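Take a look at the letters that make up each chain.
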Amino acid sequence: MMNNYIFALDIGTRSVTGIILEKDSEGYSLIDYYTKEHKVRSMHDGQIHHVVEVANVIKDVKDALEEKHGKIKKVSVAAAGRSLKTVESEATIQLEKKPITDHETVKHLELSAVHTAQLDLASQNSAHDYSNYYCVGYSVLRYKIDGEQIGSLIEQSGSTATVEIIATFLPKIVVESLLAALNRAGLEMEALTLEPIAAIHVLIPESMRRLNVALVDIGAGTSDIAITNHGTVAAYGMVPIAGDEITEAMSDHYLLDYPIAEEMKRKIVNEGEGVVSDILGFDTTITYDTLASDIKPSIDKLANAIAEEILLLNATPPKAVMLVGGGSLTPELTTVLSEKLKLPTNRVAVREIDAIQTLNKTENLPSGPDFVTPIGIAIVAEQNPIHYITVNVNEQVIRMFEMKQLTVGDCLVQGGIEINKLYGKPGMASMVLLNGKEVTLPGEFGQAPSILLNEKPATVDSIVNNGDQIKIEKGSDGKAANVTLEQLIEELPSINIFYHNQPYTLKTTIYVNNKRPSLEYIVQDKDEIELKQPKTIREFLESLGELPSTKAFFIYVNNEKMKLKDGETQILVNGSLVSLDYQLKQNDNLVIQKNKKIVLKDILKIMELDYWNTIEVKFNGKPITMKQAKLEVTRDDERLEEESEIHSLDNVQLKERKPEPFIFQDIFRYIDIDIQSVGGNFKLYKNNQETTFFDTIHNGDHLEIK
């Protein structure tokens, strides 16, 4: 075969297609192709189950093309996308209220989740060996803080940070069985790719891979899905339902033998109608629209499975969906799929080989979408062949399949290194009591592991090449909690008040284990910390040493206890009476003043008693108030008057005096007149009636001396 010819094989579930392309200055030209179906079911979900049987079919395809074009020695092939294993997993780290500040830590968390996915996959394998799989990519499904979804983990506070990813793995056995079948057919693998990558590469130029597009290769047994985003193939998936589902539906509905149903499906799709003869011998003409209506449940089932897998891989509907493969011609599939994904109908389309821009349009090109993947395999395997590379990770030799640009992170995952276990341990925390409540002071975070790539500092995103040396070392442990009182308390509250019109600041005092340290004191484990700030009037006056006596004022009256007041002082805030337990506020004006002394008259008023018996009379036309004591009050045999001061705990004896009548003579105690100096005769009158000095008088009487 000529040197500029490219031979590629598409080894499918139902058949093997061989393609010969010629590369020239203008692109690629199709020289020849040949397809042969498997005699037995030797392929299952993209994996070769019977190497000998598949090798025989490959040899038949090779021989058929060799007859026209000469000896073929090397071939480009693809690992089927349906053989990829997709695993969801997550990883969580403790934040201890300290947010993540750099993207490298987030990347480490993502790789930890990928490693978990790798271990999950390995646990399903009898050998439990994670090295039996290549990780060909992963995408982040969501980030979470304390279980709540968040857009980014950077600078988010909380207790835990979690990342959920979906990772895609290719079993090594797929590649090894491919190699075995090719060798048995007398072929040497020249290049290898993945089927979804091949189709995407020729249909979606690299400049357009920043768009979020899904490509679905619908074959006979499975539908393979690949999704582009941000310039790369972001995710792969597979659903075990495809064209055979439609053929089986036709077979059941129209009572057809399976091979006849397959043949009629293609005829109706390509020509618009076909005449079928069922097992009872009846002929029926079936149009394209009739077929779409009759097998609508199966079309819905296929579209629904594809839509669900796309949404699982991409989280949201993509911008567009491209369909290739023979099953993409299923009647009305593009319309139903656009409805399932809530996309406009013109955003879901079948792509045929005329959409391959680098393929020269020659007369021998086959029609339909069946040949997009085989031609893509030939072009991509030539342009971007996949190689094995060998790297050294901590003196462990790792061989990897270069299906994409490999990074240090990929090597760590393939080497089984759990990056989260290489973080330094966090420093010891301290537990303290702050005003009776337990407070945890976390230690410093452990440092991230250090990575050297060929003895130079690197990150998990650093690109690796064949023969590179990677060294990853555990990060240093964090220091124990090291917090000063000032850092712990941050801001000490204070209140400004006025006391007797002088400004005072009620400051907070810090006590640690009943002692007053400086603010630079380093808080120790099990310290008991109290913040004391005068809040009430009592606490403020105690801090000044001026707390007034609050002893209640009691006396005894006729040996019975009587409470007169709460203390010897009055407490006024902003002019209003308050108690010692009043809580001071900003700019309050506090005044303490002594209560006035208590006299007997105050006590009698409380008891609603009158000390005097009084009458009103007129003497010579002038009003006079006359009085005589109704009560006799004593204290320890001391006679008390109305203005006599009473002290706390005095024992006062009080009894009523026997009332005596007022007589005319009593008036001279209230007027300034000397009877002796009155010359001549005089007479006394009461209410214009002559009377004597000893005659009784009453309230309202008019008294005269003439």
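The shown structure was predicted, so the numbers you read here are calculated from the model rather than taken from an experiment.

## Some words on the overall build of the chain
When you go through the chain residue by residue, the secondary structure sums to 14 helices and 44 strands. Rg of the C-alpha trace for the chain: 53 Å, well past the compact-globule value of 27 Å for 706 residues, more than 25% over. Across its three principal axes, the chain shows a C-alpha extent of roughly 180 × 70 × 45 Å. The burial tally for the chain puts 47% of its 706 residues in the buried class. Taking the intrachain contacts of the chain between residues at least 6 apart in sequence as the baseline, contacts between residues at least 24 apart amount to 63%.

## Notes on the pattern of salt bridges
In this structure the tally under the stated criterion is 20 salt bridges. Here glutamate 262 makes a salt bridge to arginine 266, at a shortest N to O gap of 3.0 Å. Note that glutamate 262 and arginine 266 are positioned in helix H6 (residues 258–271) at a spacing of 4 residues, about one turn of the helix.

## Things to note about the packing of helix H8 (residues 296–314) against helix H9 (residues 333–340)
In contact at an axis separation of 9 Å, H8 and H9 are set at 45° when each is read in the N-to-C sense. One finds that H8 runs oblique with respect to H9. In this structure, H8 crosses over H9, and the sense of that crossing is right-handed. Across from Ile299, Asp300, Leu302, Ala303, Asn304, Ile306 and Ala307 in H8, the residues of H9 making contact are Leu333, Val336, Leu337 and Lys340. Per-class residue counts for the contact of H8 with H9 are 8 nonpolar, 1 polar and 2 charged.

## Digging into helix H3 (residues 172–184)
Here H3 is 13 residues long and its end C-alpha atoms lie 18 Å apart, about the 18 Å a rise of 1.5 Å per residue gives. Taken residue by residue, H3 has Lys172, Val174, Val175, Ser177, Leu178, Ala181 and Leu182 as its buried positions. Glycine 186, located one to two residues past H3, shows a positive phi value of around 80°.

## Topic: the nonpolar core
In terms of nonpolar packing, the biggest core is built from 62 residues, with Leu9, Leu21, Ile58, Leu203 and Ile375 touching the most fellow members. Setting aside residues up to four positions removed in sequence, isoleucine 58 forms contacts with Leu9, Ile11, Val16, Ala181, Leu182, Ala185 and Leu187.

## Let's talk about the sheet that holds strand S21 (residues 430–434)
Read from one edge to the other, the open sheet built from 4 strands follows the order S22-S21-S29-S28, with strand pairing classed as mixed. Since the sheet does not close on itself, it has two edges, and those belong to strand S22 (437–441) and strand S28 (509–512), each with one partner. Strand-to-strand twist of the sheet, defined as the mean angle between neighbouring strand axes without regard to direction, takes the value 30°. Two elements, S28 and strand S29 (residues 528–532), share 4 bridges in a ladder whose sense is antiparallel. Among the inter-strand pairings, threonine 509 is bridged to a residue of S29, identified as lysine 532.

## Quick word on the sheet that holds strand S34 (residues 589–594)
Within the open sheet, the 5 strands sit side by side as S27-S26-S34-S32-S33. Their pairing is mixed. In this open sheet, the two edge strands, each paired with only one partner strand, are strand S27 (502–506) and strand S33 (576–577).

## A look at the side chain of serine 112
Looking at the element boundaries, serine 112 is found in helix H2 (residues 103–123). You can call serine 112 buried: its relative accessible area is 6%. Leaving out residues up to four positions away in the same chain, serine 112 has contacts with Ala91, Ile419 and Asn420.

## Section: the layout of surface pockets
What the second largest pocket holds in volume is close to 850 Å³. The biggest single contributor to the lining of the second largest pocket is H6, with 5 residues.

## Some remarks on the packing of aromatic side chains
Under the counting rule described, the total for this entry stands at 8 aromatic pairs. Ring centres 5.4 Å apart and planes at 90° place the aromatic pair tyrosine 499 and phenylalanine 540 in the edge-to-face group. A residue pair is termed long-range when its members are at least 10 positions apart, and tyrosine 499 in strand S26 (residues 495–499) and phenylalanine 540 in helix H13 (residues 537–544) qualify at 41 residues. Overall, the relative accessible area of 7% leaves tyrosine 499 in the buried class.

## So, the pairing of strand S1 (residues 5–11)
By the criterion of burial, S1 is predominantly enclosed, with 7 of the 7 residues buried. Judged from the 7 bridges that link them, S1 and strand S2 (residues 15–24) form a sheet pairing that is antiparallel. The residue of S2 that forms the bridge with aspartate 10 is threonine 17. Between the antiparallel neighbours S1 and S2 lie 3 residues.

## Section: unusual backbone geometry
A positive phi angle is found at asparagine 574, which is not glycine, with a value near 55°. Assignment of secondary structure puts asparagine 574 in the loop between strand S32 (569–573) and S33. For asparagine 574, a relative accessible area of 47% gives the class partly exposed.

## Focus on H13
For H13, the full list of buried residues reads Ile537, Phe540 and Leu541. Projected down its long axis, H13 carries its buried residues within an arc of 95°, all on one side. Taken together, the buried residues of H13 touch S26, S27, S32 and S34. Once H13 ends, the next one or two residues include glycine 545, with phi positive near 70°.

Rules and cut-offs
Residues numbered from 1 in each chain as written. Predicted model: local features only at pLDDT ≥ 70, side-chain atom pairs only at ≥ 80, totals over all residues. Heavy atoms only, no water. Helix = DSSP H or I, 4+ residues; strand = E, 2+ residues; numbered from the N terminus. Rg over C-alpha atoms; globule rule 2.2 N^0.38 Å. Buried < 20%, exposed > 50% of the residue type's maximum accessible area, 1.4 Å probe, protein only. Contact = heavy atoms within 4.5 Å. Salt bridge = Lys/Arg side-chain N within 4 Å of Asp/Glu carboxyl O. Axes fitted to C-alpha atoms, helices over the stretch in contact; angles between N-to-C directions. Parallel < 35°, antiparallel > 145°, perpendicular 65-115°, else oblique. Left-handed = near helix turned anticlockwise from the far one by under 90°. Nonpolar A, V, L, I, M, F, W, Y, C, P; charged D, E, K, R; others polar. Expected span 1.5 Å × (residues − 1). Core = buried A, V, L, I, M, F, W, Y, C linked by side-chain atoms within 4.5 Å. Pairing = 2+ DSSP bridges. 1 Å grid on protein atoms, 1.4 Å probe; cavity = no way out; pocket = protein on both sides within 12 Å on 5 of 7 lines; lining within 4 Å. Points joined across faces, edges and corners; volume = space filled by probe spheres on them. Phe/Tyr/Trp six-rings, centres within 6.5 Å; stacked < 30°, edge-to-face > 60°. Arc of directions from axis to C-beta.

Just geometry here; none of it tells us what the structure is for.
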